[in-house]
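# Residue-level structural notes
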Amino acid sequence: MAAIFLTLKGVSVHLGATRLLEDLDWTIHRGEQWAVTGPSGSGKTVLAHTLIGTHFYTGTITTATRRISIIEQQHRFRNRPGSTELYYQQRFNASDADQTITVAQELADAGWDGSETPWLDSLHVRQLLGKPLIQLSNGENKRTQLAMAMLQSPELLILDNPFLGLDAEGRATLHSIINGLAAKNIQLLLITSAQEIPDSITHIARLEAGKWTFQGPRSQFQPAPEATVPALDATILARLKQEAQDNAGASFHTAVKMVNTTIRYGEATILDNIQWEVKKGECWNVSGPNGAGKSTLLSLITADNPQAYANEIWLFDRRRGTGESIWDIKKRIGFVSPELHLYFDTGATGHDVVASGLFDTVGLFRTLNEEQETLVQLWMQLLSLWDLRSRRLVQLSTGQQRMILLARALIKNPPMLILDEPCQGLDDGQTERFRTLITALCEAFGTTLIYVSHYSRELPGCINHFLRLEKGATVNA
């Protein structure tokens with residue numbers, strides 16, 4: 001029997017009156033590579049942060065090393081010293097994007113002295129050294145995080161949902177990298193879904209509601225049965241449909257029209273001669289590998305990219321640059337993305353985040369009237385979020401936070417929804433419920449939908465049009 005590497009005995013974590021982990025026992029031996037899976041909100045990320053000392057706990061944790069590194073789900077960008085704070089649209093403004101530090105500077109701040117090291121090539125980071133952090137794709141971002149972690153020479157490396165937001169190629173690359181790390185005898189702990197477990201993982205544990213439901217060798221693990229998705233409340237849907245009948249913003253024929261649209265930053269062409277038309281009520285899937293230009297394409301629609309004015313782009317039958325304000329556009333669009341998620345105050349309550357969608361603000365800065373309060377309640381009840389209304393985002397799991405932001409995008413019942421990887425961070429049950437909800441809404445309200453996802457299994461049933469981007473150009477889907 002190999003030596004014991006890590007032991008938990010009776011470990012519990014509480015946040016106020018909320019129990020996050022309860023009486024966990026766990027033993028990891030040297031050479032064992034573990035994955036922890038389970039539904040959203042089960043305590044997986046709390047467990048990871050407890051192991052690195054972030055959370056107060058009762059019980060005992062004994063480890064054979066203090067060299068523990070964690071790779072978070074999201075990497076928060078930093079500006080150059082002395083420049084202004086980051087803002088969401090910054091990545092689309094060529095001059096302002098230069099205010100963020102490069103990958104090389106980030107690695108230097110983490111302790112890299114510029115010398116040749118094996119991980120530059122094994123993690124595919126060398127070609128990224130001169131690139132600003134804010135311009136990294138999801139896959140590039142994850143590899144940069146891995147490089148920073150490797151600078152600490154960890155004996156235990158914790159990866160929290162590392163495959164989120166990666167395309168098929170990015171996921172395959174990361175699987176290979178993780179297997180390579182395991183081959184170098186680095187102890188790994190992955191928090192991941194049961195569908196994304198690298199070959200090098202030898203043991204699996206499953207958490208549900210802060211308790212273990214399985215621990216053991218991978219060969220003995222059986223994925224949980226598919227969750228039963230409860231039907232949407234027909235009474236609430238009917239009330240929301242009634243509220244939306246007088247929505248004047250729904251009067252248009254063409255939601256989006258792009259004519260020869262090209263976006264360049266310096267010598268780099270991000271979008272190349274895009275011809276695209278989205279008519280009212282159509283439901284589109286936009287796909288393509290990381291770095292293909294999908295986020296830039298969406299930014300032209302959501303009024304977050306100033307280069308829209310240099311192109312022929314029509315939104316809701318009106319050409320951009322003919323006197324409309326950014327807020328005229330945003331009030332007709334419900335939008336959510338993993339990047340937008342980063343800019344919300346984690347101290348805000350679930351209620352206030354959902355309500356902020358009525359005003360297209362990142363935060364709630366005004367008092368709601370009775371009608372608006374009713375809308376917040378109806379949408380939170382429809383998405384089974386009402387019990388989270390008084391809890392702060394920091395107290396919620398990533399999946400719960402994402403559902404709150406989805407409710408924020410939906411609360412105006414806007415004529416067009418733009419959902420960029422909306423199921424990222426959701427468990428299988430939440431994903432299926434969300435797919436059902438989006439199809440029901442689009443069918444009930446005639447909503448125009450633009451939906452970005454790397455997974456075909458996440459697409460709502462209402463999707464009937466497809467746009468695929470590769471290297472900034474459209475290809476046959």
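Note on numbering: residues in each chain are counted from 1, in written sequence order. Totals for whole chains, interfaces and linings use every residue, but because this is a predicted model, local features are given only for residues with pLDDT of at least 70 and side-chain atom pairs only at 80 or more, for both listing and counting. Here the side-chain values reflect all heavy atoms present in the structure, with hydrogen atoms and water set aside.

### Topic: helix H13 (residues 398-410)
The helix and strand labels rest on DSSP assignments: H or I over at least four residues marks a helix, E over at least two residues marks a strand, and numbering proceeds from the N terminus. Every helix has an expected span of 1.5 Å times one less than the residues it contains. For H13, which comprises 13 residues, the first-to-last C-alpha distance of 19 Å matches the rise-based estimate of 18 Å (1.5 Å per residue) to within 8%. Exposure classes here rest on a 1.4 Å probe applied to the protein chains alone. A residue is buried below 20% of its type maximum, exposed above 50%, and partly exposed in between. Within H13, twelve of the 13 residues are buried, which leaves it mostly tucked inside the rest of the structure. Every buried residue of H13 is listed here: Gly399, Gln400, Gln401, Arg402, Met403, Ile404, Leu405, Leu406, Ala407, Arg408, Ala409 and Leu410. In this analysis, two residues are considered to be in contact whenever any of their non-hydrogen atoms come within 4.5 Å of each other. Against the buried residues of H13 lie strand S15 (333-336), helix H10 (338-341), helix H11 (350-356), helix H12 (370-382), strand S16 (416-420) and helix H14 (428-445).

### Quick word on a nonpolar patch on the surface
Only residues whose relative accessible area exceeds 30% and that form no salt bridge are eligible for patches; like-charged ones are grouped when within 9 Å, while nonpolar side chains (Val, Leu, Ile, Met, Phe, Trp, Tyr) are grouped when within 5 Å. Here the open area of atoms and residues is found with the Shrake-Rupley method and a 1.4 Å probe, where only the protein chains shown may cover a residue. Here, a salt bridge means any Lys or Arg side-chain nitrogen found within 4 Å of an Asp or Glu carboxyl oxygen. Together, Tyr309, Ile326 and Trp327 make up an exposed nonpolar region whose accessible area comes to about 330 Å². With respect to the helices and strands, the residue Tyr309 is situated in the loop between helix H8 (294-301) and strand S13 (312-315). Classification of Tyr309 as partly exposed rests on a relative accessible area of 45%.

### Comments concerning the sheet that holds strand S14 (residues 318-319)
A pair of strands is labelled paired if DSSP reports no fewer than 2 bridges between them. Reading across the sheet, the four strands line up as S11-S10-S13-S14 and stay open at both edges, with antiparallel pairing between neighbours. Two strands lie at the open edges of the sheet, namely strand S11 (268-279) and S14, each paired on one side alone. Pairing geometry for strand S10 (residues 254-265) and S13, over four bridges, is antiparallel. By the bridge assignment for S13, Val256 is matched with Leu315.

### As for the packing of aromatic side chains
Stacked, edge-to-face and tilted labels apply to pairs of Phe, Tyr and Trp rings (six-membered ring for Trp) whose centres lie within 6.5 Å, assigned for plane angles under 30 degrees, over 60, and everything in between, in that order. A complete count under the given rule lists five aromatic pairs for this structure. Judged by centre distance (5.6 Å) and plane angle (85°), the rings of Trp276 and Trp284 are edge-to-face. The class of Trp284 is buried, set by a relative accessible area of 9%. We note Arg366 situated over the ring of Phe359; from NZ or CZ to the ring centre the distance is 4.1 Å. The criterion for a charge sitting over a ring is simple: Lys NZ or Arg CZ within 6 Å of the ring centre, and within 35 degrees of the ring normal.

### Quick look at helix H6 (residues 168-183)
Counted at 1.5 Å a residue, the expected span for H6 with its 16 residues is 22 Å, and the 23 Å between its end C-alpha atoms agrees. Taken as a whole, H6 has its buried residues at Gly170, Arg171, Leu174, His175, Ile177, Ile178, Leu181 and Ala182. What you see down the axis of H6 is that its buried residues fit within an arc of 170°, all on one side. Across from the buried face of H6, at angles greater than 90 degrees, the exposed residues are Ala168, Glu169 and Ala183. Where H6 is buried, its residues contact helix H4 (119-122), helix H5 (138-150), strand S6 (156-160) and strand S7 (187-191). Any pair of nitrogen or oxygen atoms within 3.5 Å is treated as a polar contact; in protein, a donor-acceptor pairing is required on top of that, and neighbouring residues in sequence qualify only through side-chain atoms on both sides. The opening residue of H6, the one whose side-chain oxygen lies 3.3 Å from the backbone nitrogen of Glu169, is Asp167. Just downstream of H6, Asn185 is the residue with a positive phi angle, here 65°. Each C-beta atom gives one direction from the helix axis, and the arc is the one those directions make.

### Overview of the packing of H5 against H6
The N-to-C vectors of H5 and H6 enclose an angle of 15°; their axes lie 11 Å apart at closest approach. Comparing their axes, H6 and H5 come out roughly parallel. For the pair H5 and H6, the crossing hand works out as left-handed. Two secondary-structure elements touch here, H5 through Lys142, Arg143, Leu146 and Met150 and H6 through Leu174, Ile177 and Leu181. The class makeup of the residues in the contact of H5 with H6 is five nonpolar, no polar and two charged. To get an axis, fit a line to the C-alpha atoms, keeping to the stretch in contact for a helix; angles then go from 0 to 180 degrees between the N-to-C directions. Small angles under 35 degrees read as roughly parallel and large ones over 145 as roughly antiparallel, with 65 to 115 read as roughly perpendicular and the rest as oblique. Crossings are sorted by hand: turned counterclockwise from the far helix by less than a right angle, the near helix makes the crossing left-handed, and turned clockwise it makes it right-handed. For this classification, the nonpolar set comprises Ala, Val, Leu, Ile, Met, Phe, Trp, Tyr, Cys and Pro, the charged set comprises Asp, Glu, Lys and Arg, and every other residue, Gly included, is treated as polar.

### Here's the deal with the confidence of the model for the protein
A residue's pLDDT is the predictor's confidence in that residue, given on a scale from 0 to 100. For the protein, per-residue confidence averages 86 on the pLDDT scale, and 92% of positions sit at 70 or higher. A low-confidence stretch, residues 81-90 (pLDDT under 50), is modelled with 26 contacts involving residues beyond four sequence positions or located in other chains. This stretch, residues 92-97, has a pLDDT under 50; its non-local contacts, to residues over four places away or in other chains, come to 17 contacts.

### Here's the deal with the pattern of salt bridges
Under the criterion given, the structure shown has 14 salt bridges. The salt bridge involving Glu22 is made with Arg19; its shortest N-O contact spans 2.9 Å. For Glu22, a relative accessible area of 27% puts it in the partly exposed group. Arg19 sits in the partly exposed class, given a relative accessible area of 40%. Ionic pairing is found between Arg435 and Glu432, a salt bridge with its closest N-O pair at 2.9 Å. With Arg435 and Glu432 both in helix H14 and three residues apart, the pair spans about one turn of that helix. Looking at Arg435, the relative accessible area reads 18%, which means it is buried. We classify Glu432 as partly exposed; its relative accessible area is 32%. Counted as one network, the salt bridges with shared partners bring together Arg19, Glu22 and Lys211.

### Things to note about the pairing of strand S9 (residues 211-217)
Here strand S8 (residues 203-208) pairs with S9 via six bridges, running antiparallel. Looking across to S9, one finds that His203 is bridged to Pro217. Connecting S8 to the antiparallel partner S9 that follows it, the hairpin turn spans two residues, and Ala209 within it adopts a positive phi of roughly 50°.

### Some remarks on the sheet that holds strand S12 (residues 283-287)
The mixed open sheet is built from six strands, whose spatial order is S15-S16-S17-S12-S18-S19. Pairing within the sheet leaves two strands with one partner each, and these edge strands are S15 and strand S19 (473-475). Shown here is a sheet whose adjacent strand axes are inclined to one another by a mean of 20°, direction ignored. Alignment of S15 against S16, held across four bridges, turns out to be parallel. Of the residues in S16, the one forming a bridge with Phe335 is Ile418.

### Topic: the side chain of Gln307
When you line up the elements, Gln307 lands in the loop between H8 and S13. Of the polar contacts made by the side chain of Gln307, one reaches the backbone oxygen of Arg264; its length is 2.9 Å. Setting aside anything within four residues of it in sequence, one finds Gln307 in contact with Thr262, Ile263, Arg264, Tyr265 and Leu300.

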